[in-house]
Amino acid sequence: MPDLIKVAKFGGTSMADAAAMKRCAAIVKDDPDKKIIIVSATSGTTNLLTEFNAERSADQRKAIAEQIRDKHIKICNDLAVSDSTRQEVTLLLDELAAIASKKQITTPSLQDEILAFGELLSSRIFADLLNSIHEESVDWVDARHIIKTDLMFGGAEPDVEAISQQSEKILSPRLYDRKVITQGFIGSADSGQTTTLGRGGSDYSAALFAEAVDADVLEIWTDVTAVYTTDPRIVQSARPITEISFDEAAELSVFGAKVLHPATMVPAIRKNIKVYVGSSMEPDKPGTWIMRDTKSKPVIRAISLRRNQTLLTLHSLDMLHRYGFLAKIFEILSKHKISVDLVTTSEVSVALTLDSDISAPGNQKITDLVLDELREFCELEISKNLSLIALVGNNLDATAGLSGPVFGSLEDINVRLICHGASSHNLCFLVSENEAEHVIKKLHKRFIG
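Reading the values: the criteria
- Sequence order sets the numbering: in each chain, residues are counted from 1 along the sequence as written.
- Note on the predicted model: pLDDT of at least 70 is required for a residue's local features to be given, and 80 or more for side-chain atom pairs to be given and counted; whole-chain, interface and lining totals, by contrast, use all residues.
- To get the side-chain values, all heavy atoms of the structure are used, and hydrogens and water are removed first.
- The way it works is that DSSP assigns letters per residue, a run of H or I at least four long becomes a helix, a run of E at least two long becomes a strand, and they are numbered from the N terminus.
- The reference for a compact globule is 2.2 Å times residues^0.38; the radius of gyration itself is calculated from the C-alpha atoms.
- Any residue under 20% of the maximum accessible area for its type is buried, any over 50% is exposed, and the rest in between are partly exposed; the area is computed with a 1.4 Å probe on protein chains only.
- Whether two residues are in contact is decided by their heavy atoms: any pair within 4.5 Å suffices.
- Exposure was quantified through the Shrake-Rupley algorithm and a 1.4 Å probe, taking into account, for residues, occlusion by the shown protein chains and nothing else.
- For the charge count, each Lys or Arg is scored as positive and each Asp or Glu as negative, with His and the chain ends excluded.
- Throughout, a charge is located at the NZ atom of Lys, the CZ atom of Arg, the CG atom of Asp or the CD atom of Glu.
- Under this definition, polar contacts are N or O atom pairs within 3.5 Å; protein pairs additionally need one hydrogen-donor-capable and one acceptor-capable atom, and for neighbouring residues in sequence, both atoms have to be side-chain atoms.
- To form a nonpolar core, buried Ala, Val, Leu, Ile, Met, Phe, Trp, Tyr and Cys residues must be joined to one another through side-chain atoms within 4.5 Å.
- We call two strands paired when DSSP finds no fewer than two bridges between them.
- Axis definition: a line fitted to C-alpha atoms, over the contacting stretch in the case of helices. Angles run 0 to 180 degrees between N-to-C directions.
- Here, a salt bridge means any side-chain nitrogen of Lys or Arg that lies within 4 Å of a carboxyl oxygen of Asp or Glu.
- Here roughly perpendicular refers to angles of 65 to 115 degrees, roughly parallel to angles under 35, roughly antiparallel to angles over 145, and oblique to all remaining angles.
- Throughout, the ten residues Ala, Val, Leu, Ile, Met, Phe, Trp, Tyr, Cys and Pro are labelled nonpolar, Asp, Glu, Lys and Arg are labelled charged, and all others, Gly among them, are labelled polar.
- Helix crossings get a hand from a simple test, with the near helix turned counterclockwise from the far one by less than a right angle marking a left-handed crossing and a clockwise turn marking a right-handed one.
- To count toward a patch, a residue needs a relative accessible area over 30% and no salt bridge; like charges are then connected within 9 Å, while nonpolar side chains (Val, Leu, Ile, Met, Phe, Trp, Tyr) are connected within 5 Å.

K.L.:
Describe the overall build of the chain, and please don't skip the residues or the numbers.
P.N.:
When its secondary structure is counted, the chain shows 14 helices and 16 strands. By the compact-globule yardstick of 22 Å for 449 residues, the chain fits well, its C-alpha radius of gyration being 23 Å. Here the C-alpha coordinates of the chain stretch approximately 70 × 55 × 40 Å along the principal axes. In the chain, buried positions account for 54% of the 449 residues. Residue pairs in contact within the chain that sit at least 24 positions apart in sequence constitute 77% of those at least 6 positions apart. Surface summary for the chain: the accessible area is close to 20,000 Å², and the carbon and sulfur share equals 48%. Once the 49 positive and 62 negative side-chain charges of the chain are each reduced to a mean point, those two points are 2 Å apart.

K.L.:
So what's going on with unusual backbone geometry? Which residues, and what values?
P.N.:
Within the chain, Asp-214 stands out as a residue other than glycine whose phi angle is a positive 55°. We classify Asp-214 as partly exposed; its relative accessible area is 49%. In the Ramachandran plot, Asn-272 falls in the positive-phi region, its phi being about 55° despite a non-glycine side chain.

K.L.:
I'd like a rundown of the environment of Thr-182, residues and numbers included.
P.N.:
Here Thr-182 lies in strand 4 (residues 178-183). Sequence separation between Thr-182 and Lys-29 is 153 residues, and the spatial gap between their C-alpha atoms is 16 Å. Polar side-chain contacts of Thr-182 include one of 3.5 Å to the side chain of Gln-183.

K.L.:
Account for the nonpolar core, with residues named and values stated.
P.N.:
In this structure, Phe-10, Phe-52, Phe-126, Leu-218 and Ile-290 are the most contacted members of the largest nonpolar core, which totals 99 residues. No other element matches the eight residues that helix 6 (residues 117-133) contributes to this core. With near-sequence residues (within four places) excluded, Phe-10 lies in contact with Met-15, Cys-24, Ile-27, Val-28, Ile-37, Ile-38, Val-39, Ser-40, Trp-221 and Ser-280. Counting 20 residues, the second-largest nonpolar core is a separate cluster that includes Ile-234, Leu-305, Leu-391 and Val-431.

K.L.:
So what's going on with the sheet that holds strand 2 (residues 34-39)? Which residues, and what values?
P.N.:
Whenever strands of a sheet pair, they do so through backbone hydrogen bonds, lying parallel or antiparallel. One open sheet accounts for eight strands, arranged 3-4-2-1-7-9-10-8; its pairing is mixed. Each end of this open sheet is capped by a strand with a single partner; those strands are strand 3 (137-140) and strand 8 (243-245). Strand-to-strand, the axes of this sheet are offset by a mean angle of 20°, without reference to chain direction. Note that strand 3 and strand 4 share four bridges and pair parallel. Residue pairing across strands places Ser-137 opposite Arg-178, the latter belonging to strand 4. In the packing of helix 9 (residues 246-254) onto the sheet, the strands contacted are strand 8, strand 9 (274-279) and strand 10 (288-291), and the crossing angle to strand 8 comes to about 85°.

K.L.:
For the pattern of salt bridges, give the residues involved together with the corresponding values.
P.N.:
Summed over all chains, the structure comprises 24 salt bridges. The partner of Asp-203 in a salt bridge is Lys-9, with the nearest N and O atoms 2.8 Å apart. Separated by 194 residues along the polypeptide, Asp-203 in helix 8 (residues 201-212) and Lys-9 in strand 1 (residues 6-10) bring together distant segments of the chain. On the basis of relative accessible area, Lys-9 is assigned to the buried category, the value being 7%. When salt bridges that share partners are traced, they join Lys-6, Asp-31, Lys-34 and Glu-219 into one network.

K.L.:
Quick one: what's the story with the sheet that holds strand 15 (residues 417-420), residue by residue and with numbers?
P.N.:
If you trace the six strands from one edge of the open sheet to the other, you get 12-13-11-14-16-15, paired in antiparallel fashion. If you trace the sheet from one side to the other, it starts and ends with strand 12 (340-345) and strand 15, each paired once. Neighbouring strand axes in the sheet, compared pairwise and without regard to direction, differ in orientation by 25° on average. Across seven bridges, strand 14 (residues 379-393) lies against strand 16 (residues 426-432) in antiparallel orientation. Within strand 16, the residue paired with Leu-386 across the bridge is Ser-432.

K.L.:
Mind laying out the packing of helix 1 (residues 18-29) against helix 3 (residues 58-79), listing which residues take part and the relevant values?
P.N.:
With their axes 9 Å apart at the nearest point, helix 1 and helix 3 run at an angle of 55° to one another. By the angle between their axes, helix 1 is oblique relative to helix 3. Between helix 1 and helix 3, the residues in contact are Ala-18, Met-21 and Lys-22 and Ile-75, Asp-78 and Leu-79, respectively. Class assignment of the residues belonging to the contact of helix 1 with helix 3 gives a composition of four nonpolar, no polar and two charged.

K.L.:
I'd love a proper account of the packing of helix 7 (residues 160-170) against helix 8, names of residues and values included.
P.N.:
Packing of helix 7 against helix 8 brings their axes to within 9 Å, and their N-to-C directions diverge by 65°. The handedness of the crossing between helix 7 and helix 8 comes out as right-handed. Here helix 7 contributes Val-160, Ile-163, Ser-164 and Ser-167 to the contact with helix 8, which in turn contributes Leu-208, Glu-211 and Ala-212. A per-class count over the contact of helix 7 with helix 8 returns four nonpolar, two polar and one charged.

K.L.:
Lay out the side chain of Thr-313 with the relevant residues and their values.
P.N.:
Here Thr-313 shows up in strand 11 (residues 300-315). For Thr-313, a relative accessible area of 18% puts it in the buried group. In contact with Thr-313, other than residues within four places in its own chain, are Val-350, Ala-351, Glu-379, Leu-380 and Glu-381.

K.L.:
Break down the environment of Thr-85 for me, citing the residues and quoting the values.
P.N.:
Within the secondary structure, Thr-85 is located in helix 4 (residues 83-100). Residues Thr-85 and Ile-125, 40 residues apart in the sequence, show an inter-C-alpha distance of 6.8 Å. Dropping the residues within four chain positions of it, Thr-85 is found in contact with Arg-124, Ile-125 and Asp-128.

K.L.:
Break down a negative patch on the surface for me, citing the residues and quoting the values.
P.N.:
Among the surface-exposed residues, Asp-150, Glu-157, Asp-159, Glu-161 and Asp-190 lie close enough to one another that they form a single negatively charged patch. With respect to the helices, strands and loops of the structure, Glu-157 is situated in the loop between strand 3 and helix 7.

K.L.:
Explain the environment of Leu-218 residue by residue, including any values.
P.N.:
If you trace the backbone, Leu-218 turns up in strand 7 (residues 217-222). When its relative accessible area of 0% is taken as the criterion, Leu-218 is described as buried. Taking C-alpha positions, Leu-218 is 6.8 Å from Ile-273, a pair spaced 55 residues apart along the chain. Here Leu-218 is in contact with Val-7, Ala-206, Ala-207, Ala-210, Thr-264, Ile-273, Lys-274, Val-275 and Tyr-276, once residues within four sequence places are set aside.

The structure is reproduced here in C-alpha cells:
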C-alpha cells in the first residue's frame, strides 16, 4: 500500500454542476495522496428521486425522470465528456425512465435501487472529468461491490468485516498507481440487492472506505468552510473551530450539527483516522481537523440545535419499587428498531426523546402500533414542537458551578427535560421550538462570545 492514503468525499453541493465539479477535480489533482474519491449525487437529485418513489402517477414520475435527465445531460455537455461516458449516463437515464412507466413503486428494495441512480450518475461524470485532467489513471468502481450490508432498505447496517475483505480484493491492488472514484450512500446485500445507508449516508460510506483501507486521513468536502461553534445562520458571531476531538464531534453530529453524518465518527474512531472538514467552494480557507486528542480542551466548545423533537413520557404506578419496567419499554422500541436519544426517570415516570418524531418518515417512525403496545401497560403523553439544545465540550460532568450559569441564563425559558452527567462531553435539554434560537443566542454569547 502507498505510504500515505487519503480518502476524500465530495457532497451534493460539491457535485452541483460543471463548475462545482471542476473545482473538486482541481482539489483532487493538487494532492497525489488522495487515492479514493467518494461522491454524492448532484445537489437536489436525491430529493427528486425521493419524490419519484413517492409519486403514484406514472406521468409525474416521467416528468421527474426528465428533470434528472436534463440536469445530467447539461453537465455532460458543459464538461464535454467522452462518448463512452455519455453512453453510460444515457443508459442509466433510460433505465430510470423505464422504471417511471411502472404502475407503482411499492417495494423498499426497488426504492433503494432508484435512489442509487443519483450517485451512479454523478460518479460516472466526475470520473470522466478526472481522467481528462489527470496524468494518473482513474478507475470508476461500483460501491455496491464493496459496501456490503444487511437488508434493512433505507437505512442498511454495514458489514464491516465483509467490507474489509472486498476492499482488500478490489481497492488495495489499485491504490499503488491510480485513483479510485466511487459512490457514497449506496451498498448491496449478499443477495445482490441495492441498499442505501440512509439520508446523509455518503459521509458514513467515506468513513467505511477509509477504515477498510487503513487510510491516514478522511476528508469531507462540503459547502461550509469548517465546523462552527454554532449555526452561523443563527449567531452571526459563530466562529470556525480549528480542531475538535472525536468525542466532541460525535456529540455535535448526533445532537444536530449537520456538517457530518452522526455515524461518520464510528469507523474513524475505530482506526484513529484523522478527519478534515473543508469547503470545496473555498478550499484555501482553513477547515476543521477532527482527531483523538486536541491541544485545547475548553469546557464548552460548541452549541448545537436539533429541531422537530418529540418527547414521549410514560407513566405507571407499576414502576414504583419494581423491576423490569424499563426493560419492557426498551424491548418494544428495540423490536421496532427505534433508537432512543435521551432518557430521564422518576419513581413513576420515564421521559424519552427519540430519533424520529411521531409523523416522521423512515424506518424509525413511531407508529400507532408502537404506541398501542406501550399503552397496554402505561399512560402516554406525547409532546411535539420541541428542540434539543446541546452544549458540547470537555469535562462537563466534573466542572463545578456549570449548571447554575447555564440555567440561570434561561430563567425566562421553560426547560422540559435535562440530561447531564451521563457524558463528560455534553449537557443537553429540551425547549419549545419557538424559543430555541433565542436560547442558542443567549448561551453562545454567555459561554463562547
